[in-house]
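Single-letter residue listing:
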Amino acid sequence: MNAQMITRTRQEEVSPLRLIKSELKVLNIQYNRALNIISAIGWSTSQDTWVKYLQILADIESHLLQRDELNIYFKLNMLNTSSTKYIFKVIKKLNQAYSQGKKVRLFWSCNTEHDSEMIDTGLDLRGLSHFPFEINYAGKKY
């Protein structure tokens, strides 16, 4: 019986599911209506992230129909060109809301091994924004 317990413990330690979960690079989206916050954190590189961005766009539209304030936080480790295209759509929607008097802000945070690319992308996106767009890297604002 002790041998079975040891074997079972060893199997749980090297479970294939645990190995897969630890290596996933996903994009985590959270929406908190009460706090006027949408956040996107993680890796925006998979082929199906467009689905998540469509949900972000829908959440923005729905939220701003009912409220006058929205803060969006991006803390991405990496993104692909498709993700950049959808973030541009987010910016266009926020520009529209801002022109209608809504209080919208976007926060772009970088703390990854790809910092220079992420800062450059944030600077490019900020250039397209008519609303407050803050870039943070390691506690410094750009």
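That block above? That's the structure.
Below you will find a few notes about this structure.

What counts and what doesn't
Residues numbered from 1 in each chain as written. Predicted model: local features only at pLDDT ≥ 70, side-chain atom pairs only at ≥ 80, totals over all residues. Heavy atoms only, no water. Helix = DSSP H or I, 4+ residues; strand = E, 2+ residues; numbered from the N terminus. Buried < 20%, exposed > 50% of the residue type's maximum accessible area, 1.4 Å probe, protein only. Areas by Shrake-Rupley, 256 points an atom, 1.4 Å probe, with all protein chains shown as cover. Pairing = 2+ DSSP bridges. Right-handed = clockwise from strand over helix to strand, strands pointing away. 1 Å grid on protein atoms, 1.4 Å probe; cavity = no way out; pocket = protein on both sides within 12 Å on 5 of 7 lines; lining within 4 Å. Points joined across faces, edges and corners; volume = space filled by probe spheres on them. Nonpolar A, V, L, I, M, F, W, Y, C, P; charged D, E, K, R; others polar. Axes fitted to C-alpha atoms, helices over the stretch in contact; angles between N-to-C directions. Parallel < 35°, antiparallel > 145°, perpendicular 65-115°, else oblique. Contact = heavy atoms within 4.5 Å.

## Side note on the overall build of the protein
When you go through the protein residue by residue, the secondary structure sums to five helices and six strands. Each helix (α) and strand (β) of the protein, taken in turn from the N terminus, gives the series α-α-β-β-α-β-α-β-α-β-β. Sorting the 142 residues of the protein into buried and exposed places 35% on the buried side. Carbon together with sulfur atoms contributes 53% to the accessible area of the protein, which is approximately 9,100 Å² in total.

## Observations concerning the environment of Val51
Looking at where Val51 falls in the secondary structure, it is placed in helix α3 (residues 49-66). In this structure Val51 comes out as partly exposed when scored by relative accessible area, which is 45%. Sequence separation of Val51 and Tyr86 is 35 residues, and the distance between their C-alpha atoms is 10.0 Å.

## Here's the deal with the pairing of strand β4 (residues 103-110)
Inspection of the sheet shows strand β3 (residues 69-79) paired to β4 by six bridges, in the parallel sense. Paired with Asn71 across the two strands is Arg105, which belongs to β4. As a crossover connection, the stretch from β3 through helix α4 (residues 81-99) into β4 is right-handed. Of the strand pairs in this sheet, β4 and strand β5 (residues 133-137) are connected by five bridges, and their pairing is parallel. What sits directly across from Trp108, in β5, is Ile135.

## Looking at the layout of surface pockets
Its boundaries defined by the atoms lining it, the largest pocket holds a volume of some 160 Å³. Taken together, Ile60, Glu61, Leu64, Leu65, Lys93, Gln96, Ala97, Gln100 and Lys102 make up the lining of the largest pocket. Listed by contribution, the elements that provide at least two residues to the lining of the largest pocket are α3 and α4. It is α3 that provides the largest number of residues to the lining of the largest pocket, a total of four residues. For the lining of the largest pocket, the residue count by class is four nonpolar, two polar and three charged.

## What to know about the packing of α3 against α4
Between α3 and α4, whose axes approach to 9 Å, the crossing angle comes to 5 degrees. In terms of axis orientation, α3 runs roughly parallel to α4. Residues Thr49, Trp50, Tyr53, Leu54, Ile56, Leu57, Ile60, Glu61 and Leu64 of α3 touch α4, and the partners they reach there are Ser83, Tyr86, Ile87, Lys89, Val90, Lys93, Leu94 and Ala97.

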